[in-house]
Amino acid sequence: MNRFGSRSFSLRLLTAAICCISTACSNQSALTLADLPTATAASTEEPVSAPPELISVDLTTLVQSYQQALASQPDPQIRTQIRLRLADLEMERLEQHQADNPEVSVGFASAVQHYQTLAKESPRDDYILYRLARARAMDGEMPGALQALERIAQGAPESPFMGEVLFRRGEAAFNRKEYSAAAQDFRALLEKGESPFSDNARYMLAWSEFKSSDYRRSTEIFLESLDILQQRASEAELPLGQKRLREDSLRGLALNFSYLGGAEAIESFNPDGKPRGYQHLLYSALGNWYREKELFRNSADTYLAFVKHYPNSTEAPSLHLQAIETLQNGGLHDEVLPTKREFVQRYGIRSEYWQQAETSQREALAQSLRPWLEELAQFDHARAQELAQLATKAPANKSKQKQQLKAQSRKAYLAAAELYRQFSQTFPQDPRTPPMVFLMAECLEQAGDYAGAWRAYSQVAWEYQDKKHGAEAGYAAILSSAQVHKETPGQDAEQKILWLDRNIEASLKFAQSWPQDKRALPVQLSAADKLLQQSRFAEAIAAAQAADKWQPPAYKAQQLNIAMILAHSHFSLKDYMAAEEAYTRALNIQPKDSHLREDTRKQLQLSIYRQAELALAQPALTEDGREIPSEEALRHLLRIRESGRSEIAATAQYDAINYLMELQQWQRASAELADFRSFYPAHQLAPTLAAKAVVIFEALKMPAAAAGELLQLAQNDPDREVRRQSLFLAAESLQKAGEYQGAIESYRNYNKLWPKPAEQRLEAQYQLVQLYAQTNQPNKQNYWLQQLAKNSEKSPRGRYLSAYSQSALAEQSYEKFASLKLHLPLKTSLANKKRAMKTTVADYRKVLELEIAEFTTQANFRLAEVYRQLSHDLMESQRPKNLNDLELEQYEILLEEQAFPFEEKAIELHQANIQRTSDGIYDDWVKRSFASLGELLPARYKKPEATLEWSHALH
């Protein structure tokens with residue numbers, strides 16, 4: 001076994017490595033060499049494995065074996081190795097004893113003695129010097145330990161123990177507050193590369209720079225140390241010593257950052273401007289340090305600075321929580337609520353952070369959000385109420401202040417509502433959610449957001465079905481939706497209808513959910529009424545019927561409301577029978593003095609009237625296939641008056657009269673007409689009944705009664721045409737009834753009042769002619785004949801009546817002419833006769849001028865007869881008595897000479913008259929002309945008539 005192999009064999013029985021030192025901060029004492037574990041000797045050779053049986057050998061037995069070997073070994077080199085091994089075993093024994101008896105102070109002088117002896121013999125043996133340094137350190141002799149290490153540095157700078165030498169020397173310099181020297185050794189050690197001492201050396205170097213007031217350099221080294229540990233393993237996986245080193249480094253960094261300006265300095269050390277994976281630990285360490293120093297504001301600001309820089313980081317909520325806790329602990333109560341509010345805004349359910357967070361993160365956040373959402377909501381709610389009270393109490397002359405307070409109160413209510421809403425959405429299953437939503441609804445209502453309040457109240461009432469607040473919430477939902485409907489502008493019809501629908505829905509739900517609530521029935525009725533207003537008649541009926549079955553039953557006013565809703569709805573749906581029933585019920589409930597009574601009766605009668613209209617739409621059929629009004633329709637129309645004599649009843653009865661007339665039930669029509677006039681004398685339709693009465697009376701063959709109605713029309717009807725025609729018809733009816741004087745008076749009035757139309761007036765004059773003839777009043781008859789004769793109407797009827805009257809007047813002239821007898825003295829009587837003839841001829845000439853065939857033949861006949869008559873009368877005239885035969889003969893000849901021209905004229909006129917047969921005219925006057933010609937010219941005209949041949953010739 002060579003030296004290094006023997007040394008390795010010896011060292012393998014010792015502790016395998018030197019653990020990292022856990023040095024405290026600058027205000028703590030550094031550990032000594034005695035506190036360090038055994039270091040592992042470095043060797044370029046592969047270490048020799050210890051025999052397995054050595055592990056179980058008793059230490060005392062082993063020492064005895066080595067002592068025996070030493071006594072029997074003559075080789076100096078081997079003896080030195082055995083002595084070194086015995087020194088190591090002694091050191092091991094003492095360390096074991098110390099470990100077994102920690103309360104006892106164990107001396108290491110015996111081990112020191114062994115190593116000192118060996119060091120004297122081998123002054124450059126770095127291993128022996130190292131073991132000597134350790135033994136002295138364990139025995140509390142630090143100067144001697146350092147002296148031994150210094151000897152290694154001077155004598156064996158390449159020794160594998162040089163790293164520990166530099167570390168221990170630097171540590172000693174640090175303890176002596178020689179920080180520059182300490183930093184130099186620590187830096188030299190680190191320049192050699194990684195070693196078991198690198199972590200501690202880097203740590204101590206950072207502290208050395210700190211003690212030298214180079215805080216930035218110190219910070220960089222601390223961060224380098226943390227970067228290495230971060231790369232090595234996660235925090236949870238680091239060994240305990242490295243965990244402690246990490247924690248102490250963070251504390252050192254906290255000190256540095258505090259000297260460099262606080263939290264804002266942290267970001268200046270980011271590599272490439274990017275944060276480290278443990279960035280939050282830097283802020284947390286600084287915040288914790290401030291908190292330990294009771295700089296609570298600085299501590300909270302530090303935590304929140306990280307939140308500001310890294311709002312979406314996983315650690316941001318945790319540091320935010322630390323800030324809140326710090327403010328609470330520091331008594332900074334005015335800042336606690338705003339910071340909690342910021343937490344809710346940053347991490348609550350509305351935040352982007354929450355949306356991107358995983359389930360576990362949300363669950364963690366929820367633990368803090370739960371109490372704070374409620375706390376903040378209650379705070380804002382209370383503040384809103386307080387501001388509202390202040391606004392109410394503000395003097396009237398402080399209107400601006402009043403408005404500001406109201407605005408602030410509304411803003412606080414809305415803030416509270418939003419927090420209540422977030423609680424409900426964050427914790428939908430929480431038993432506190434329903435009351436929170438109820439409070440949210442109240443806040444929204446107070447803020448004037450009635451639409452939002454309706455949603456929240458509805459949620460409490462019907463989604464949560466909250467037992468405590470459900471009914472109140474349901475009723476509030478009704479009120480809030482009604483308020484939205486009220487405030488919605490009229491031009492926004494769609495929204496207005498939407499909110500009315502929501503109000504109705506809420507009302508029906510409320511009544512259904514809490515039927516025993518005293519507000520349930522009124523709410524049900526209100527919904528039914530609004531359904532009616534919306535023309536949702538079937539739904540209105542259903543709602544009203546449900547109210548009608550309510551228990552306890554509705555009181556009288558409510559029953560009336562139910563009946564009216566049912567009645568109006570049934571009426572609108574054209575179920576007039578049901579409507580009649582409901583209106584009848586409403587009428588029976590209403591007080592006698594109710595102002596609604598008349599309207600209800602009107603609707604009742606209108607319901608019956610509509611039933612009549614439906615029956616009229618299905619008419620009955622007569623045997624010949626004609627459609628006639630059914631008896632059912634008449635029954636409906638006539639029973640309307642049973643509920644009162646009203647406008648509708650009058651209209652219905654009037655319609656019934658018309659239908660009775662159509663059915664020709666004249667007697668019933670007459671009775672109903674009389675009844676109508678009895679009850680509705682001033683009705684606007686009353687004047688029109690006269691015309692109907694005329695028809696009825698005429699059908700009943702009561703012309704006098706018909707005339708009476710017509711005279712009323714002639715006098716009272718607003719239509720002048722009706723008045724005109726009625727007067728004429730009245731005259732005709734009177735004439736028909738034999739009441740000639742009344743007829744004459746009516747025709748005379750007509751002639752006087754109605755000059756136009758002219759033909760109708762001429763007819764009246766014509767009837768006067770007839771009536772005066774019937775009543776034997778020739779003078780008056782002639783008067784009207786003369787009026788007719790001189791009319792200037794050019795129409796066929798006008799000319800006919802003119803010809804008729806002129807012919808009648810001519811006939812009177814003819815009769816007068818014919819009645820005159822020729823007597824002596826002939827000259828005088830003949831002159832009178834000729835004058836009468838001249839008048840007659842002139843009158844008939846007027847008839848001929850009118851060229852009316854019927855009267856032309858008569859006029860021609862009469863003219864011929866005038867001449868014939870004069871000829872005849874001359875021949876038959878009285879002869880003078882004193883004439884002799886010759887004189888008489890001569891007198892006869894003179895008479896013949898006088899008569900002959902007249903006879904010739906008569907023949908000429910009769911022949912002209914009979915010529916009209918060529919025009920197809922063969923009336924009585926033509927026939928009479930033939931007869932006269934037969935007498936005047938018998939040879940020519942005294943032949944039997946061949947009527948058939950003549951008739952055939954005409955065709």
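Counting restarts for each chain, with residues numbered from 1 along the sequence as it is written. Since the coordinates come from a predicted model, pLDDT governs what is reported: local features require at least 70, and pairs of side-chain atoms require 80 or more to be given and counted, while whole-chain, interface and lining totals use all residues. Based on all heavy atoms of the structure, the side-chain values leave hydrogens and waters out of the count.

### Section: the overall build of the protein chain
Labels follow the DSSP assignment, with helices taken as runs of H or I lasting at least four residues and strands as runs of E lasting at least two, numbered in each case from the N terminus. A count of helical and extended segments in the protein chain gives 43 helices and two strands. The globule rule puts the C-alpha radius of gyration for 955 residues at 30 Å, and the 71 Å found for the protein chain is more than 25% above it. The dimensions of the protein chain, computed from C-alpha atoms along their principal axes, are 245 × 65 × 60 Å. Burial classification: accessible surface area is computed with a 1.4 Å probe over protein chains only, and a residue below 20% of its type maximum counts as buried, one above 50% as exposed, and the rest as partly exposed. Among the 955 residues that make up the protein chain, the fraction classed as buried is 47%. Whether two residues are in contact is decided by their heavy atoms: any pair within 4.5 Å suffices. The long-range share in the protein chain, meaning contacts at least 24 apart out of those at least 6 apart in sequence, stands at 57%. All accessible areas in this document rest on Shrake-Rupley with a 1.4 Å probe, and a residue is counted as covered only by the protein chains that are shown. Total accessible area computed for the protein chain in this model is approximately 49,300 Å², and 50% of it derives from carbon and sulfur atoms. His is not counted, nor are the chain ends, whereas Lys and Arg count as positive and Asp and Glu as negative. Throughout, a charge is located at the NZ atom of Lys, the CZ atom of Arg, the CG atom of Asp or the CD atom of Glu. Separation of charge centres in the protein chain, based on 112 positive and 123 negative side chains, amounts to 6 Å. For this measure, only C-alpha atoms enter the radius of gyration; the expected value for a globule follows 2.2 Å times N^0.38, where N is the number of residues.

### Points about the environment of L332
Mapped onto the elements of the fold, L332 is located in the loop between α14 (316-329) and α15 (333-347). What makes L332 partly exposed here is its relative accessible area of 25%. Residues L332 and F296 lie 36 residues apart in sequence; the distance between their C-alpha atoms is 8.2 Å. Not counting residues up to four positions away in its chain, the partners in contact with L332 are F296, R297 and L327.

### Some words on the environment of E386
Along the chain, E386 falls in helix α17 (residues 359-393). Taking C-alpha positions, E386 is 48 Å from A563, a pair spaced 177 residues apart along the chain.

### Observations regarding unusual backbone geometry
Of note, the bond from Q551 into P552 is cis; its omega dihedral lies within 30 degrees of zero at 0°. Within the element layout of this structure, P552 appears in the loop between α24 (537-548) and α25 (556-572). Residue P825 follows L824 across a cis peptide bond; omega there is -5°. Looking at where P825 falls in the secondary structure, it is placed in the loop between α37 (796-819) and α38 (826-850). Located in the positive-phi region is S213, a residue other than glycine, with phi close to 70°.

### Details of the side chain of Q806
Along the polypeptide, Q806 turns up in helix α37. The exposure class assigned to Q806 is buried, which follows from its relative accessible area of 8%. With residues near it in sequence (within four places) discarded, Q806 still touches A789, D843, K846 and V847.

### Let's talk about the packing of α38 against helix α39 (residues 853-875)
In this description, a line fitted to the C-alpha atoms serves as the axis of each element, helices being fitted only across the stretch in contact, and the angle between N-to-C directions of two axes falls anywhere from 0 to 180 degrees. α39 packs onto α38 with a crossing angle of 165° between their chain directions and a minimal axis gap of 9 Å. By the angle between their axes, α38 is roughly antiparallel relative to α39. Our pair here, α38 against α39, has a crossing hand that is left-handed. Every residue of α39 that contacts α38 at L830, K833, M837, T840, V841, Y844, R845, V847 and L848 is listed here: F855, T856, A859, N860, R862, L863, V866, Y867, L870, D873 and L874. Three classes are used, and their members are as follows: Ala, Val, Leu, Ile, Met, Phe, Trp, Tyr, Cys and Pro are nonpolar, Asp, Glu, Lys and Arg are charged, and the others, Gly among them, are polar. Of the residues that constitute the contact of α38 with α39, the class distribution is 13 nonpolar, three polar and four charged. What sets the label is the angle itself: under 35 degrees gives roughly parallel, over 145 gives roughly antiparallel, 65 to 115 gives roughly perpendicular, and the rest give oblique. Whether a crossing is left-handed or right-handed is set by the direction in which the near helix is turned from the far one by less than a right angle, anticlockwise for left-handed and clockwise for right-handed.

### Focus: the pattern of salt bridges
Each salt bridge in this description consists of a side-chain nitrogen of Lys or Arg and a carboxyl oxygen of Asp or Glu lying within 4 Å of one another. Under the defined criterion, the tally for this structure stands at 39 salt bridges. Across the pair R187 and E209 runs a salt bridge whose closest N-O atoms are separated by 2.5 Å. Here the residue R187 occupies a position in helix α8 (residues 179-191), and E209 occupies one in helix α9 (residues 198-211), the gap between them amounting to 22 residues. On the basis of relative accessible area, E209 is assigned to the buried category, the value being 9%. Here D675 makes a salt bridge to R645, at a shortest N to O gap of 2.8 Å. Of the two residues, D675 sits in helix α30 (residues 666-679) while R645 sits in the loop between α28 (631-639) and α29 (647-662), which places them 30 residues apart along the sequence. For R645, a relative accessible area of 30% puts it in the partly exposed group. Salt bridges linked by common partners bring E194, D199, R202, E224 and R232 together as one network.

### Quick notes on helix α41 (residues 924-936)
One less than the number of residues in a helix, times 1.5 Å, gives the span that helix is expected to have. End to end, α41 covers 18 Å across 13 residues, agreeing with the expected 18 Å (1.5 Å per residue, within 8%). All buried positions along α41 are accounted for by W925, V926, S929, S932, L933, G934 and L936.

### Quick word on the nonpolar core
Ranked by size, the top nonpolar core spans 205 residues in total, and within it L282 and F676 carry the most contacts. Ranked by residue count, the leading element in this core is α17, at ten residues. Apart from the residues lying within four places of it in its own chain, the contact partners of L282 are L223, L226, L250, L253, F257 and I266. Residues belong to one nonpolar core when they are buried, are Ala, Val, Leu, Ile, Met, Phe, Trp, Tyr or Cys, and are joined through side-chain atoms within 4.5 Å. If you look at the next biggest cluster of nonpolar residues, it comprises 60 residues, including L768, L809, V847 and L909.

### What about the side chain of N503?
By secondary structure assignment, the location of N503 is in helix α22 (residues 493-513). Its relative accessible area of 1% is what places N503 among the buried residues.

### Here we look at the environment of E92
Structurally, E92 can be placed in helix α3 (residues 76-100). Overall, E92 belongs to the partly exposed group, its relative accessible area being 24%. Placed 790 residues apart in sequence, E92 and N882 show a C-alpha to C-alpha distance of 224 Å.

### Let's talk about the confidence of the model for the protein chain
Confidence of the predictor at the level of single residues is captured by pLDDT, which takes values from 0 to 100. Chain-level pLDDT for the protein chain is 85 on average; 92% of the residues reach the 70-or-more range. Between residues 1-55, whose pLDDT stays under 50, and residues either more than four places distant or in other chains, the model counts 93 contacts.

### Notes on α24
Here α24 contains twelve residues, and its C-alpha end-to-end distance of 16 Å stays within 8% of the 16 Å for a straight helix at 1.5 Å per residue. Along α24, the positions that sit buried rather than exposed are F537, A540, I541, A543, A544 and A547. End-on, the buried residues of α24 take up no more than an arc of 165°, which puts them together on one face. Summarising the contacts, the buried residues of α24 are in contact with α22, α23 (520-533) and α25. Comment: arc refers to directions from the helix axis out to C-beta atoms.

### Description of the packing of aromatic side chains
Put simply, two rings from Phe, Tyr or Trp (the six-membered ring, in Trp's case) pair if the centres are within 6.5 Å, and we call them stacked under 30 degrees between planes, edge-to-face over 60, tilted for the rest. By the definition in use, this model includes 35 aromatic pairs. By definition, being over a ring means that NZ of Lys or CZ of Arg is both within 6 Å of the ring centre and within 35 degrees of the ring normal. Over the ring of W499 we find R502, and its NZ or CZ is 4.5 Å from the ring centre. In this structure, R645 packs its charged tip against the face of F679, placed 3.5 Å from the ring centre.

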